[in-house]
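Commentary on secondary and tertiary structure
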Protein chains: 2
Amino acid sequence: MTDVMNHSDTEADVHDRPADARIVTGRPSTHGDSYQLNTTTLIRHSARTYPEQEIVYRTADGGWDRYTYADSYSRMQRIANVLTELGVTPGDVVGVLDWNSRRHFELYWAIPGTAAVMLQMNLRLSTEDLGFVATHSEAHTVLVDESLLGVAEALAPHAPGVRNWVVMSDRPAEEIDTSLPNVHHLEDLMAAASPEFDWPMIDEKSAYSACYTTGTTGRPKGIYYSHRGMYLHTLSQSAHLGINDTDTVMITTPMFHAQSWGLPQSAVYGAAKIVLPGRYAVEEIATLVDVMITEDVTVTNGAPAIFSPMLDHIKTLDVPPDFRRARLLSGASEPALSLMREFYEITGADIIHGYGATETTPLATSNRGVKSTIAASLSEEQRWDLKRRQGLPATGIDIRIVDADGNDLPHDGVSQGEVLLRGPWIIESYYHLDDNADRFLDGYWRSGDVGVIDENGYLKLTDRLKDIIKSGGEWISSIDMENAIVAHPRVVEAAVIGVSHPQWQERPVAFVATSDGEDIGIDEIHALLGDRFAKWQLPDTVLLVDAIPRTSVGKINKRALRDDYGDLYA
Amino acid sequence: MTDVMNHSDTEADVHDRPADARIVTGRPSTHGDSYQLNTTTLIRHSARTYPEQEIVYRTADGGWDRYTYADSYSRMQRIANVLTELGVTPGDVVGVLDWNSRRHFELYWAIPGTAAVMLQMNLRLSTEDLGFVATHSEAHTVLVDESLLGVAEALAPHAPGVRNWVVMSDRPAEEIDTSLPNVHHLEDLMAAASPEFDWPMIDEKSAYSACYTTGTTGRPKGIYYSHRGMYLHTLSQSAHLGINDTDTVMITTPMFHAQSWGLPQSAVYGAAKIVLPGRYAVEEIATLVDVMITEDVTVTNGAPAIFSPMLDHIKTLDVPPDFRRARLLSGASEPALSLMREFYEITGADIIHGYGATETTPLATSNRGVKSTIAASLSEEQRWDLKRRQGLPATGIDIRIVDADGNDLPHDGVSQGEVLLRGPWIIESYYHLDDNADRFLDGYWRSGDVGVIDENGYLKLTDRLKDIIKSGGEWISSIDMENAIVAHPRVVEAAVIGVSHPQWQERPVAFVATSDGEDIGIDEIHALLGDRFAKWQLPDTVLLVDAIPRTSVGKINKRALRDDYGDLYA
């Protein structure tokens, strides 16, 4: 085992070489590549072999309806003809403003199927940023759900390049009241269109869809997914989650960002029954739980922010639902141990922690559970601890963790480094952006996340690179320290930042808000941290504050703290 | 549903266009293709994430031993270094003569990993044909298991281009007695080699391995699989069979032909435990059943010729084994209904009928079972009948059935046509063969098999194209008619061929051998067939024979019958 582990420790083999090292052997195969990996293949296959499979969707009035893969595929072909008649040609960008609706699902296949690019328009972006996205991508046609006409009307002045606004509604055109220019009505156009479309074979490196980052600094950056990458992501995720025709997949994560983590595509690949919950709010969580029960949902995706209220609701039910087959793919943040355990103990559902980003399509790692090969050697607590981590990389995804100088770090569960990713569905450059270089290293995408990989191959994230504290050449996780400090009975919330230091580069500074407003002595904080941190890692300064500053989405605003306290040791 | 079915009936859309119709949109993605699909990625990933996973293998003395993915991966790297030192460079062809051994498994990854091509040398070929294969492929290095030195020694004079013969044995070099020239001892070379190899990134269209057809007419024809095709086949098969780290996969089908149906690769992708039964004979079937029980095998592959004696042996056991998790992938011929049912009823194992050929890597269709969406509408008998068929096409494989003029036929379960296949792991040309054209149509490979596709998408083969009877513009399945005739209580065996006819192109002629040697009147045969065949399909001539002529492998020798009776209606 020594040999491979030496090798594995550093990942320093040729898969880490830049792409131009590729060998062409001069011995061609007889299998060529004339058959390109197109997403159309996935829907076409399942619509033909499972025409009777169902798609359940929420209607505009909040009810539920259903149709079949065959019905849906036929509508996709009508839409493809509509787009062509609106002047959409290969390579054109077509935007979508919609919830997780059946029309959005149809557009997922119809737009890329014509060789156009589906622009995912994130409703959470500001009007200015959304206008930037529409203009930067050169979108000339945008489809908008009737319920989002207000967003579109506000956007229109910021998106002068859009020459077709296509409204999606069950109501007739004459009942739709909008100030949008050049308005079309999708259903009217579809009724006049042919239900057969001659899907082209598209070069697989062509853009399939586009999504822009929602980062807080600078302009949104464009990620243009390829047909090839999406196809391979689909096969990998389907195999990992084991989705087949006996499953029911509910698409919970918004379809307007990172293609709802590729779950709609995986569901189609597996020919699963699909549930599209439309527009839902956390306040309507009972609706989601109800449909999970009535439609026997076995796979869905979401964040702890969804699964946590879902569990709270389930606890109020007289009879807990039987979700023993359910795989709940959870991203965005680490699920609390109690959430995972209670969900499992009450319903039988398996929360699967996954990791990725807009740039990674997004599945990069995922934690289907403890490897069968090591499960017997672990205690129950150790198994749950392992299950909380971000998991094992998907096959085909190369992962590295590197220090500040780009050197590979060992996979020992201790050495913290920035996570680098590379593979068929990992970004290789940002779209039309000149200063790409600092986001890539040797062909790998720099995630900006800091983590460790343990001897079993599991990734665990410890911090964001911009938040980790670099002290004396070593890294200290601000998140680990915050979690340790809030364990103090009087601490309500805590934040830790790195502050520039003339001798140590940075030193940790802790901020605490207490329940009684009274200070906690630094010795008491040090005693609390003593078990988990080395002496040199302990903060030299602990400051009492009334409250920890937060961003608009509720995260700790470390930039504000750094702005206010950055010169503490100057 | 009408729209999609119209479309599906004929498959006449643009996926059927030749490859040069591919659209390059001018809108590139940001995900590129610098990461090539290499098979090395599969083994490297599983060796790193599951170093402790086991591989159980049969030793030369008939015992069993085991090691880990990490051990195996380390040995693969040593072998890659050995090959390099023997002068193997990218694009070179390296032959293997071996059973399903652990060294063969290591070579599966080590040879293609260096960017060389693994030549699968089929032990069933004649010495002359094997010599042709070695020479046509330009193999300069061949690895041979000690037990096959006799085969290699007979081959050597027919393979003058081979300059390195590498013997694989657990015994020391000085104990190996062979007349082969330029002999090396693999284990000696490995002991001196480095356990780290710098795997190259290989252009994915490069040849990964080669296999030659075993057709009875003409020279063997070369199929050179690509890294890309093998990678995609692996993902598809793994998803279809649902292989993961809780499975144990036994590689039963010979690894020297069509890469044992890609099962070794799928097992590695799923990080399953692997069982390599080495050299086994049907007479040793108890050994296979024993290891399935002791190692808890959940997936294996084979033909009815293996599963049938396996079942016979199981029936002799006091306690039937519990194979409820087992998926037995069965190819080569249609499994008898009784075999499938009894295997299921006695052990719980699921026999999965698959279809493919050397040219198709080989998985083209497979029958995981009755679609969940239609199961409730079928009787138990109908479900079993459906399960016997060749199944649904793998996603990414385009399938067509066409008449003699190449016109698409409807998917109605009745219309018989030649099966055409196309996809990332389907052959596009034969290697260095000029007269390819008659084996391909519009970029599809012509399988030479005749079948129907029913309205649920299931393929059922009815005959070989060369055996089907073309009468008055319609096709009559010779196999269906033979199966019907042998149902007669006095018929021991039967054969039906098409004989040239001046008016009807061909007419069926039946040959029967009876238990008492007495003739059966044609009226009685017609009465027997009346239920299943139209009047015009009934044979005009039924001939009594002592025995039906057979080929060396026991199949009905229809060529001999056609030679003898071809001018019956002339």
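What counts, and where the lines are drawn
- Residues numbered from 1 in each chain as written.
- Chains lettered and ligands numbered in written order.
- Predicted model: local features only at pLDDT ≥ 70, side-chain atom pairs only at ≥ 80, totals over all residues.
- Heavy atoms only, no water.
- Buried < 20%, exposed > 50% of the residue type's maximum accessible area, 1.4 Å probe, protein only.
- Helix = DSSP H or I, 4+ residues; strand = E, 2+ residues; numbered from the N terminus.
- Pairing = 2+ DSSP bridges.
- Right-handed = clockwise from strand over helix to strand, strands pointing away.
- Least-squares fit on C-alpha atoms with pLDDT ≥ 70 in both.
- Contact = heavy atoms within 4.5 Å.
- Salt bridge = Lys/Arg side-chain N within 4 Å of Asp/Glu carboxyl O.
- Domains from an automatic or database assignment.
- Buried area = accessible area lost by both parts, 1.4 Å probe.
- Axes fitted to C-alpha atoms, helices over the stretch in contact; angles between N-to-C directions.
- Left-handed = near helix turned anticlockwise from the far one by under 90°.
- Expected span 1.5 Å × (residues − 1).
- Polar contact = N/O pair within 3.5 Å; in protein donor to acceptor, adjacent residues only side chain to side chain.

**Thoughts on the pairing of strand S13 (residues 327-330) of chain B**
Residues and elements named next belong to chain B.
- Residues Arg327 and Leu329 of S13 are buried on one face, and the alternating residues Leu328 and Ser330, pointing to the opposite face, are buried as well.
- In the sheet, strand S12 (residues 299-302) pairs with S13 via four bridges, with the strands oriented parallel. Each bridged residue has a counterpart across the sheet, and for Gly302 the counterpart in S13 is Ser330.
- Pairing of S13 with strand S14 (residues 350-355), which is carried by four bridges, proceeds in the parallel orientation. In the sheet register, Leu328 faces S14, and the bridge partner there is Ile351.
- Read from S13 through helix H12 (residues 337-347) to S14, the crossover connection turns out right-handed.

**Considering the relation of the copies chain A and chain B**
- Least-squares fitting of chain A to chain B yields an RMSD of 0.1 Å, with the transformation described by 0.0 Å of translation along the axis and a rotation of 180°. Here the symmetry operator amounts to a two-fold rotation axis. Using C-alpha coordinates, one finds that chain A approaches the rotation axis most closely at Ala239 of chain A, a distance of 2.2 Å.
- The fraction of interface residues of chain A whose copies in chain B are also interface residues reaches 100%, indicating that both copies meet through the same surface.

**Looking at the pattern of salt bridges**
- Taken as a whole, this structure holds 80 salt bridges over all chains when the rule is applied.
- A salt bridge links Arg44 of chain A to Asp398 of chain B; the nearest nitrogen and oxygen atoms lie 2.8 Å apart. Of this pair, Arg44 of chain A sits in helix H2 (residues 39-49) while Asp398 of chain B sits in strand S17 (residues 398-402), on two different chains.
- On the basis of relative accessibility, which here comes to 3%, the residue Arg44 of chain A falls in the buried class.
- Note that Arg171 of chain A and Glu146 of chain A form a salt bridge whose closest N and O atoms lie 2.1 Å from each other. One end of the pair, Arg171 of chain A, is in the loop between strand S6 (164-168) and strand S7 (183-185); the other, Glu146 of chain A, is in the loop between strand S5 (141-145) and helix H6 (149-155), with 25 residues separating them in the sequence.
- Given a relative accessible area of 22%, Glu146 of chain A falls into the partly exposed group.
- Via salt bridges that share partners, Arg75, Arg103, Glu106, Asp170 and Glu187 of chain A belong to a single interconnected network.

**As for unusual backbone geometry**
Residues and elements named next belong to chain A.
- Residue Pro362 is reached from Thr361 by a cis peptide bond, and omega for that bond is 25°.
- Residue position: Pro362 is located in the loop between strand S14 (350-355) and strand S15 (365-367).
- Here Ala271, not a glycine, exhibits a phi torsion of approximately 55°, which is positive.
- Note that Ala271 resides in the loop between helix H9 (263-269) and strand S11 (273-276).
- We classify Ala271 as buried; its relative accessible area is 2%.
- The backbone of Ala332 sits at a positive phi, close to 80°, despite the residue not being glycine.
- One can find Ala332 in the loop between strand S13 (327-330) and helix H12 (337-347).

**Let's talk about the domain arrangement of chain A**
Residue and element names in this part refer to chain A.
- Examined at the domain level, chain A breaks down into domain 1 (39-363), domain 2 (374-464) and domain 3 (469-565).
- Each of domain 2 and domain 3 was reduced to a C-alpha centroid, and the two centroids are 25 Å apart.
- Between domain 2 and domain 3, a total of about 540 Å² is buried, with carbon and sulfur atoms accounting for 52% of that surface.
- It is Gln416, Thr462 and Asp463 that lose the most area in domain 2 upon contact with domain 3, and together they represent 73% of the buried surface on that side.
- Viewed at the interface, domain 3 and domain 2 are joined by zero salt bridges.

**Details of the pairing of strand S24 (residues 491-501) of chain B**
Residue and element names in this part refer to chain B.
- Judged by how many residues are buried, S24 sits mostly within the fold: nine of eleven residues are covered.
- Pairing of S24 with strand S25 (residues 505-514), which is carried by ten bridges, proceeds in the antiparallel orientation. Residue pairing for S25: Val499 is matched across the bridge by Arg507.

**Remarks on the packing of helix H3 (residues 69-85) of chain A against helix H4 (residues 102-113) of chain A**
Residue and element names in this part refer to chain A.
- Interaxial distance between H3 and H4 falls to 9 Å at its minimum, and their mutual angle equals 65°. For the element pair H3 and H4, the recorded crossing hand is right-handed. Side by side, H3 and H4 meet where Ser72, Arg75, Met76, Ile79, Ala80 and Leu83 of the first sit next to Arg102, Arg103, Phe105, Glu106, Leu107, Trp109, Ala110 and Ile111 of the second.

**Points about H4 of chain A**
Residue and element names in this part refer to chain A.
- A rise of 1.5 Å per residue sets the reference length of H4, with its twelve residues, at 16 Å; its end C-alpha atoms lie 17 Å apart and thus fit the reference within 8%.
- Regarding H4, the residues found buried are Arg102, Arg103, His104, Phe105, Glu106, Leu107, Tyr108, Trp109, Ala110, Ile111, Pro112 and Gly113.
- Between the side-chain oxygen at the start of H4 and the backbone nitrogen of Arg103 there is a gap of 3.3 Å, and the oxygen is on Ser101.
- Phi for Ala115, located one or two positions after H4, is positive at around 85°.

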